[in-house]
Structures are given as structure tokens and as C-alpha cells.
Amino acid sequence: MGRKFYITTPIYYVNDIPHIGHAYTTIAADVMARYRRLTGYDVFFLTGTDEHGQKVEKSALSQGLKPKELADRVVVRFKELWEKLNISNSDFIRTSEPRHYTAVQDIFKKALENGDIYLGEYEDWYCTPCESFWTEMQLVDGLCPDCRRPVEKLKEESYFFRLSKYQDRLLRYYEENPDFIMPETRRNEIVSFVSEGLKDLSVSRTSFSWGIPVPVNQSHVIYVWFDALTNYITGVGYPDNREMFERYWPADVHLIGKDILRFHTVYWPAFLMSAGIEPPRRVFAHGWWTVEGQKMSKSLGNVVDPYEVTDKYGVDQFRYFLLREVPFGLDGDFSHAAMVHRVNSDLANDYGNLLNRTLNMVRRYLGGRSPSKGTFSDRERRLIGDIKQATADLEERMERLEFHRALETIWGVINAANKYLDDTAPWTLAKDPSAKGRLETVLYSVLETLRISTIFVYPFMPGSAERIWEILGLGKDLGEKRIPEDVEFGLYPEGVNLPERAIVFPRIE
Ligand code: MSP
């Protein structure tokens, strides 16, 4: 077994049905997981649902359901969506599962035993939508500083985690691991937050019961964020499956949205340090989507339903759009006009058209059979050089989760092939019987560039890439190909029968 790669998404609350925000993180994680498999890693990819806490309990009660009943219903919506979006997760974790209770109680107990958790009283504010504690000072106009919704006053007995004790260790960890928090702006935000000083954190509640009990005191349930964050270790076998845990932990990347950064980069590493477990290697926070220029909200009725969008434009079109349209880490806007534009210009024109003009010429000039490569000229060597460079650029950009730039790199190859066709003009060569060898080399080279591009495209649009792979007569094993071995120039087989045309990305009118 080679190098491992462990990637996670947030686990999603079951009080809400899936929307574009959930789809975004999960698709990004899937692309990264698929790319790492292509590059030879042993990948573990975890997603799931966050089912405990006051917010879920309230939402269930308002629908006349038990929290677990609500969770059982909503979890199906998530699982079905991931199937529809072609998400290749290795496991799906629900925080209501017994294996998760074991893990949460285990690390809670470790912190209790080493004195990092003590009993006290919490008297301050709480934001249920964010499941977050606030002091009077932190409120903005009496509202939650994160989501600007009303908060409620709490006064109850509570266990506290000695977060204050971890201030220096956290700052040192950020310092020694400059890529722990990405992008950089987010890192600066957290460094200054922690530098200002940390207060101990309330980690249990007594005023409701939907959660995991504190192991030594059944009248308390463990704070939902302590519970939820632990999913990342439960999912790789903690505490009972040592072998699996040692293989995959620490996580290589936790992908999250910018709103839940503090939980992942302050609380989570502190809990782990307390339990003597290594913190994750990287937390990457992406931006938020607005819709046609407006904040997405239930009351505005503009929540983008991933089921609807994919029915309308296609799964891969949606995956492509989300990762191409906006630099990963920044906020972006979803609009139908932008979606249509991307599909028509990048997919139908650049990629789809390259495939079709190539198939068409192979049919007309070579009877639909793939030629032999013949002898490469300087022009082919230039194309080969571009592809080599792109392979290296792709790795560098993917490693930093720069998906939009990775796609630019891939489209650089596709457009280099389009340009190559314009330069070499096979339609002219075809008129000259003495240029038959040259014509074959040119068409071979475009077919070969299409083959390689399709491997590059696979993590982003797996379904379409697999279809193109078959159209190119290459079989059904695209998912088993490897970068860099299989993107060497010159592997396209001779004598394959090719169709005359294939519409993989229809234009949207
Ligand atoms: N349950 C917690 C996460 C626990 S992880 C240990 C949670 N769940 S959530 O369902 O509310 O949100 C999940 C993710 O959706 C967050 O990463 C959040 O950033 C993301 N998004 C919610 N709305 C979004 C947009 N409009 N745009 C992009 N992502 C957004 O938080």
C-alpha cells in the first residue's frame, strides 16, 4: 500500500435539506479524493450527518417528530444526493451511531482524566442556529455576531474545557505549520483571534437531552460541536480499530465553509492535543455562494436545490461550474446565465468541439480507424512539452486545492489541441496523397491529447469522462488509470474503431 490521503467534509445538520452549499463542499472533496486516487494514493474520504443538539431537537419537535425520526428521514436525502452527484465517499458517518458514542465518550473521558475538563456554571448567551456560545461583549446589537440572529440567555451547570491552557500550543502549531489553515487570509483571522486570548469552553448542556451523555454524569449531554468534530476520528476507527486509525489519521484535509473555521482550527486541535492525538494537517475554508446576487435564504425562497439544477443542466455540468466559476476560498455567485455560459463555452465549444472535429476527420480521412503515430515533428514535440508542463502544474494546483486554476491548466491542454489542429490543418493535408503519413500523425496526436485530457478531466466530471473514454475506444477502465504513468504521450492504440460523432455536452439554448 502506497501513501495515504484522508479527506473529510463537514457533517451536515439534519434539520435542513441539502442545498448548493452542502453540494459544493462535498463535490470539492470528491474531486480531490478522485484526483488523489488517480495519483496513486490510498484514499479515505468521509462525509456524513450531524444529528444531535438543540437545533435538530427543536426542528424535530416543531414537526411533531422525535429527533432520531427526523434524522432518519433527512439522512436519506443526503445519501441519495451524493449518489446522484457521483460522490465516491469511502464511508458515511451518522453521529447517532454507537461507534460514534464510543469515540466521543472516550476522548471526553481522556480530557476529564487529565484535568482539562471541569464542572462549573455557564451564564451567558447561546446561538442555537450556530450552536455557539457568546459573551455579552461579543454580541452585535444583541444578536449573534456570526449569523445575526437572536441569542438566548443560558444559566446552567456545565462542564468546561480548559481552552485557555492551549493558547500557546495552538499559536505554535499555526506557526510551525503554515499550511494548516488555508487560504492565508483565514489563517491570519484565526491567529489574531487566538492571540487575543481564549476563554474556557462550555462542553456540556443540561437543558435538553438529544445528544451523547457525559460519561460520568448522565444529566449532561456533550456539546454538539465536541460531539460533531469527533466524527473525523470515529470515521477512521477510533478508538477500537488501532490499525485503521494509525493508517489514516491525521486527516490530510478537512474541507469546510468559512463560517465554521473557528470550530475546526481552534477547538478541534485543542481537543485532540488534550487527548494526546495529533491535530489534522490542514483545514481549508471555502467561501459562500449567493444566488443571482442575493444571499440564499429560505424566507427569500431562493435556495438552490442541487436536485433541480442537475436535472436541468446535468451532474457534471454542475460539478464543473462550481469548481471553475469561483476561486476556491472566495465567495461566489450562482446564476443561470453564468451556468449556461460555462457549459456552452468551455464544455460544448472547447472540449466537446475538439472531440467532434477529431472524430469527424478520423471518419472522413481515415475511415474511422485510429492511425499509427508515425514520426513526430517539432510541432508535436511542442504539444507534448505543453502536456508535460500541464501535468506538473496540475499537481501543484491540486495540492493547494486551487481547483479553478487546475481546470485552467486542463483547458490549456484542450485549447492547445484545438490550436494544434488549426496550425496543422489536416483538411489541407487530406487533399495531398503524399501527406498521408503526416495526416495520420496529426490525427493521432489530437486523439492522444484527447485521451490524456480525459484522464485529467476525470476527477471533476467522472461520468462524462468515462463516456468519452468509451467513445475514444478505450474501454471502461478510466477509473483505474494513473497519473503520471498513463498520461505519457504515445499510448493511444492503433486501429481502434471510432464513431463519427458524439454529443457529450449539448449546447444549452
Ligand atoms: N454540522 C455543522 C458542521 C459540523 S462539522 C464537524 C454544520 N452543518 S451545516 O449543515 O449547517 O453546514 C455545512 C456546510 O455548509 C458548512 O461548511 C457551510 O459553510 C456550508 N454552507 C452553508 N451555506 C452555504 C452557502 N450558501 N455557500 C457555501 N457553503 C455554505 O455547520
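Only a predicted model underlies this, so the values are computations on that prediction, with no experimental measurement involved.

Reading the values: the criteria
- Residues numbered from 1 in each chain as written.
- Predicted model: local features only at pLDDT ≥ 70, side-chain atom pairs only at ≥ 80, totals over all residues.
- Heavy atoms only, no water.
- Pairing = 2+ DSSP bridges.
- Helix = DSSP H or I, 4+ residues; strand = E, 2+ residues; numbered from the N terminus.
- Axes fitted to C-alpha atoms, helices over the stretch in contact; angles between N-to-C directions.
- Parallel < 35°, antiparallel > 145°, perpendicular 65-115°, else oblique.
- Contact = heavy atoms within 4.5 Å.
- Nonpolar A, V, L, I, M, F, W, Y, C, P; charged D, E, K, R; others polar.
- Phe/Tyr/Trp six-rings, centres within 6.5 Å; stacked < 30°, edge-to-face > 60°.
- Buried < 20%, exposed > 50% of the residue type's maximum accessible area, 1.4 Å probe, protein only.
- Domains from an automatic or database assignment.
- Buried area = accessible area lost by both parts, 1.4 Å probe.
- Salt bridge = Lys/Arg side-chain N within 4 Å of Asp/Glu carboxyl O.

*Asks:* Would you mind going over the sheet that holds strand β8 (residues 201–202) in detail, with residue names and values included?
*Replies:* Judged by pairing direction, the sheet is antiparallel, and its four strands sit side by side in the order β5-β4-β6-β8 without closing on themselves. Because the sheet does not close on itself, it has two edges, and the strands there are β5 (132–134) and β8. Two elements, strand β4 (residues 117–127) and strand β6 (residues 152–161), share 10 bridges in a ladder whose sense is antiparallel. Along β6, the bridge assignment pairs W125 with K153.

*Asks:* Can you explain the sheet that holds strand β9 (residues 204–205)? Please cite residues and give values.
*Replies:* By way of backbone hydrogen bonds, the strands of a sheet pair with one another, either parallel or antiparallel. What the three strands build is an open sheet, ordered β9-β11-β10; its pairing is antiparallel. At either end of the open sheet lies a strand with only one pairing partner, and these are β9 and β10 (213–214). Examined bridge by bridge, β10 and strand β11 (residues 217–222) share two bridges and lie antiparallel to one another. Paired with V214 across the bridge in β11 is N217.

*Asks:* Lay out the packing of helix α14 (residues 378–399) against helix α17 (residues 436–457) in plain terms, naming residues and giving numbers.
*Replies:* As a packed pair, α14 and α17 sit with axes 11 Å apart at the nearest point and diverge in direction by 5 degrees. Between α14 and α17, the crossing angle belongs to the class labelled roughly parallel. Each of R379, E380, L383, I387, T391 and L394 in α14 lies in contact with α17, whose residues at this interface are R438, T441, V442, S445, T449, I452 and F456. For the contact of α14 with α17, the per-class residue count stands at six nonpolar, four polar and three charged.

*Asks:* Outline the packing of aromatic side chains, supporting the account with residue identities and numerical values.
*Replies:* Counted according to the given criterion, the structure contains 38 aromatic pairs. Considering the side-chain rings of W249 and W268, the 6.2 Å spacing of their centres and the 80 degrees angle between planes classify their relative orientation as edge-to-face. A residue pair is termed long-range when its members are at least 10 positions apart, and W249 in the loop between α9 (242–248) and β12 (253–257) and W268 in helix α10 (residues 261–274) qualify at 19 residues. For the residue pair W249 and W268, the accessibility class agrees, reading buried in each case. Ring geometry for F403 against F460: centres 6.5 Å apart, planes inclined by 85 degrees, an arrangement best described as edge-to-face.

*Asks:* Report on the domain arrangement of the protein, specifying residues and quantitative values.
*Replies:* Domain parsing of the protein yields domain 1 (4–286) and domain 2 (335–487). Taken over C-alpha atoms, the centre of domain 1 sits 42 Å from the centre of domain 2. Residue-level contacts link 17 residues of domain 1 with 16 residues of domain 2. Surface buried jointly by domain 1 and domain 2 totals about 1600 Å² across both partners, of which 63% is contributed by carbon and sulfur atoms. Counting across the domain 1 and domain 2 interface gives three salt bridges. Residues R400 and D179 are paired through a salt bridge, measuring 3.5 Å at the closest nitrogen-oxygen approach.

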